[in-house]
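# Chain and residue survey
If you want the building blocks of each chain, they are given just below.
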Amino acid sequence: MVDIRIPIGLMFSILGILISVFGLVTRSDTEMYQRSLGINVNLIMGVIMLIFGLGMLYFARRKKKV
Amino acid sequence: MKVELTWIDYLIMIIYFLFVLGIGWFLRKFMKNANAFLEAGRSMPAWVAGLAFISTNLGALEVMGMAGSGMKYGMLTTHFYWIGAIPAMIFLALFMMPFYYGSKARSVPEFLKLRYDEKTRGLNAILFAVMTILASGISMYALAILMENILGWDFNLSLWISALIVLGYTYLGGLSSAIYNEVLQFFIIAIGLLPLVFLSLKDVGGWVGLKEQLAPIATSHGFATDTFTTTWRYAGNAGANPLGVEWFGILFGLGFVLSFGYWCTNFLIVQRAFAAESKTAARKVPLIGALPKMFIPFLIIVPGIIAIVLFNDPAKGFTLPLDAGGKPIYDYTIIMLLKQYLPTGVLGLGITALLASFMSGMAGNVSAFNTVWTYDIYQSYMRPATQDEEADGKHYLKVGRYSTVVGIFLSIGAAYIASKFGNIMDFLQTIFSLINAPLFAVIFLGMFWKRTTGHAAFTGLLAGFLLALLHHGLTIPEGATTLIKGGWIAALHTYPVEMAQNFWTAIIAFTASTTITVGLTFMTKQKKSDTELYGLVYSLTPRELDDSHLPWYERPAGLAILVGVISIVLTIIFW
């Protein structure tokens, strides 16, 4: 029918880019990251989501070729 | 108290909504007949159905409730997972799924019809249909009121938008769309709550720091110092642990009756396995679901336990909203923790995770409701199938779609009733959940004892339910102020906590139902011949385990051992 990994991969890649870019832009905003104990969670989670999303897309593609 | 969201949080939610609806839109062209719409064409790979299986269970009430229970009971809450889910999931996969899937039944009520008779199916179908509507109405209400109180969203707006999005994708793509979205929602829930776990653990100084800070709090409640971070150590005595139940109640009430009743017979869950592409895949579904299930406590219960520390340390500035009686509303634990730790951006992701959990639970209810309605009520009593299979497929597809719409609107109605008469809805939900334990007794006997008769099963089901009701009406938990908690006939017995009452209600329902069904079976005649029962009963079904060519991790038995070993190891670590 359709490989669910493609929409999952796409969504997490888009959200990952969005959130990591937002994290980069706001990295000097110490007041905002006070809540998260001074850690830029946006950047970290954004990168994790991007890797996850690309991984999903990679596995979906690899399977198609077989 | 309010949480401030910014544009990026809303943007994340909108992207999520677009993908969810997009999946439904993409799948709409595959929905050619009722079979594709209501059963996903029995074509799902095991891992997809397995993640959907667990995601359906991970509804909003589960996420909010289990985090809240973590705050109330500490690590003992994991009993709802490691003992209260995993054994039942393994049993379902290994022993029950061959008959469920092999029977070609399209729903649990239909299995009852094949194994027993029409009246047993009818009783179960009607009770189940009412229960799903109540459950989705109550969770919709819980979500909308949470969003109103914490985010300041308009109650009506969030109720209608969330319901219409679920309607959109289930109407378009049926069960396939519900399942695909549940997989997506599973990942959103897991990843969205991940930063919360790490930040809150870091804040209290890791697991060791958490234990140290919990010690004085436990002592002040009159418990041993490590009560909140252990599972079985203080289960020998009901008074020594915050759950208020001793080991027998946990083991038999929760670990056996409640859990087997829920996981092995609730069509909302089992339907995901019915949609698998083969019998072996169907047997793997609950086991693949069990793998993440074992670790969900670290995602939602552990933050709840950390909330105990935050709540008792004024310097942290962590509060929970209070109810009319001045008690903290524990269900708000998870969202207050999100507010505590997450800055805008990941905060939007966390809120999206809550919305996703709501949608996966709601879509599960709706897709189970429309199947039971279409096949077990409409097709059985209103318009039976004709000779023309193709025309029938189209006709029941239409009915399936309409009943999806009707199901959503009934749920919205139930949500509004819950907002006006919340107690009555809770009461009704308690009542209808009493059906699970007798149902398990009846299905279990049916699968493993070929003699069990239809009259006996019907009576056992009904009597078990009525006796559970009677027990609920005659007992109350200590400190109950309303009749909703029980004792609405007379308060003959008082339980120390509500949980103990629930466990015993289920135990009584199960025992009564088993005894009555067995007793009546000896007094009534079996009307079904052995050929009719072929594939439905253990002793009349040939063993056809043809998975010996697969590597161990692709075999149901191999996976079951893996799941069992991990959950035992987890139990020992947190003993």
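Quick caveat: nothing in here was measured; it's all calculated off a predicted structure. (Residues numbered from 1 in each chain as written. Chains lettered and ligands numbered in written order. Predicted model: local features only at pLDDT ≥ 70, side-chain atom pairs only at ≥ 80, totals over all residues.)

When its secondary structure is counted, chain A shows two helices and zero strands. For a compact globule of 66 residues, the expected C-alpha radius of gyration is about 11 Å, and chain A comes in at 15 Å, more than 25% above that figure. Each of the three principal axes of chain A carries a C-alpha extent, and together these read 50 × 15 × 15 Å. Here chain A holds 66 residues, and the buried ones make up 36% of them. (Helix = DSSP H or I, 4+ residues; strand = E, 2+ residues; numbered from the N terminus. Rg over C-alpha atoms; globule rule 2.2 N^0.38 Å. Buried ≥ 20, exposed ≤ 12 C-beta atoms within 10 Å, placed from the backbone.)

Each helix and strand counted, chain B has 21 helices and two strands in total. Relative to its length of 575 residues, chain B is compact, with a C-alpha radius of gyration of 23 Å against a globular reference of 25 Å. Its C-alpha atoms put chain B at 70 × 55 × 50 Å along the principal axes. Per-residue burial for chain B yields a buried fraction of 57% across its 575 residues. Within chain B, contacts between residues at least 6 apart in sequence are counted, and of these 80% link residues at least 24 apart. (Contact = placed C-beta atoms within 7 Å.)

Okay, the interface of chain B and chain A next. For interface size, the figure often reported is the accessible area lost on association. On the side of chain A, 22 residues touch chain B, which itself brings 29 residues to the contact. Counting only elements with at least two residues in the side of chain B that touches chain A, the list comes to helix H1 (7-27), helix H8 (155-203) and helix H15 (346-382) of chain B. In terms of residues, the side of chain B that touches chain A owes the most to one element, H8 of chain B, which gives 10 residues. Here the side of chain B that touches chain A is built from residues that sort into 22 nonpolar, five polar and two charged. (Nonpolar A, V, L, I, M, F, W, Y, C, P; charged D, E, K, R; others polar.)

For the rest of this paragraph, the subject is the domain arrangement of chain B. Residue and element names in this part refer to chain B. Taken as a whole, chain B is organised into domain 1 (7-418 + 542-573) and domain 2 (431-535). Using C-alpha coordinates to define each centre, domain 1 is positioned 24 Å away from domain 2. Contacts between domain 1 and domain 2 engage 31 residues on the former and 24 residues on the latter. Counting residues per element, the ones that place at least two in the side of domain 1 that touches domain 2 are helix H5 (86-102), helix H7 (118-151) and helix H10 (247-265). Top contributing element to the side of domain 1 that touches domain 2 by residue count: H10, with 11 residues. (Domains from an automatic or database assignment.)

All names here are of chain B. Where H7 meets helix H16 (residues 389-420), the axes come as close as 7 Å, and the angle between the chain directions of the two elements is 60 degrees. Comparing their axes, H16 and H7 come out oblique. As for how H7 packs across H16, the hand of that crossing is right-handed. Contacts from Ile 133, Leu 134, Ser 136, Gly 137, Ile 138, Met 140, Tyr 141 and Ala 144 in H7 reach Gly 407, Leu 410, Ser 411, Ile 412, Ala 414, Ala 415, Ala 418 and Ser 419 in H16. Of the residues that constitute the contact of H7 with H16, the class distribution is 11 nonpolar, five polar and no charged. (Axes fitted to C-alpha atoms, helices over the stretch in contact; angles between N-to-C directions. Parallel < 35°, antiparallel > 145°, perpendicular 65-115°, else oblique. Left-handed = near helix turned anticlockwise from the far one by under 90°.)

All names here are of chain B. Look at helix H19 (residues 454-474): 30 Å from first C-alpha to last across 21 residues, which is about the 30 Å you get at 1.5 Å a residue. Within H19 the residues assigned to the buried category are Gly 454, Ala 456, Ala 457, Phe 458, Thr 459, Gly 460, Leu 461, Gly 464, Phe 465, Ala 468, His 471 and His 472. Those residues of H19 that are buried lie in contact with H7, helix H18 (436-448), strand S1 (475-477) and helix H20 (498-523). (Expected span 1.5 Å × (residues − 1).)

A few words now on the environment of Val 2 of chain A. Along the chain, the position of Val 2 of chain A falls in the segment before helix H1 (5-25). Non-local contacts of Val 2 of chain A, meaning those with residues more than four positions away in its chain, are made with Phe 26 and Leu 27 of chain B.

On to the nonpolar core. Residues and elements named next belong to chain B. Among the nonpolar cores identified, the biggest contains 222 residues, and Ala 49, Met 89, Val 166, Ile 179 and Val 183 are the most heavily contacted of them. Here this core takes 23 residues from H8, the largest share from any one element. Both domains that meet at this core, namely domain 1 (7-418 + 542-573) and domain 2 (431-535), each give it at least three residues. Contact partners of Met 89, with chain neighbours within four places excluded, come to Trp 263, Pro 286, Leu 287, Gly 289 and Ala 290. (Core = buried A, V, L, I, M, F, W, Y, C linked by C-beta atoms within 7 Å.)

Residue Leu 37 of chain A is not a glycine yet carries a positive backbone phi of 60 degrees. Position of Leu 37 of chain A among the secondary structure elements: in the loop between H1 and helix H2 (41-65). Not every positive phi belongs to a glycine, and Lys 104 of chain B is a case in point at roughly 65 degrees. Mapped onto the elements, Lys 104 of chain B comes out in the loop between H5 and helix H6 (108-115). Looking at Lys 104 of chain B, the number of C-beta atoms within 10 Å reads 12, which means it is exposed.

Among the nine residues in helix H14 (residues 333-341) of chain B, nine count as buried, and that is most of the element. Among all positions in H14 of chain B, only Thr 333, Ile 334, Ile 335, Met 336, Leu 337, Leu 338, Lys 339, Gln 340 and Tyr 341 of chain B are buried.

A few words now on the environment of Leu 151 of chain B. Residues and elements named next belong to chain B. Position of Leu 151 relative to the elements: it lies in helix H7. Accessibility expressed as a C-beta count within 10 Å gives 16 for Leu 151, which makes it partly exposed. Along the backbone, Leu 151 and Val 3 are 148 residues apart, and their C-alpha atoms lie at a distance of 5.4 Å. Leave out the neighbours within four places in its chain, and Leu 151 touches Val 3 and Leu 5.

Before going further, it helps to spend a moment on the packing of H5 of chain B against H10 of chain B. Residue and element names in this part refer to chain B. Running from amino to carboxyl end, H5 crosses H10 at an angle of 55 degrees, the nearest separation of the two axes being 8 Å. For the element pair H5 / H10, the angle class is oblique. As for how H5 packs across H10, the hand of that crossing is right-handed. Along the contact surface, H5 presents Pro 87, Ala 88, Met 89, Phe 91, Leu 92 and Met 96, while H10 presents Gly 255, Ser 259, Phe 260, Trp 263 and Cys 264.

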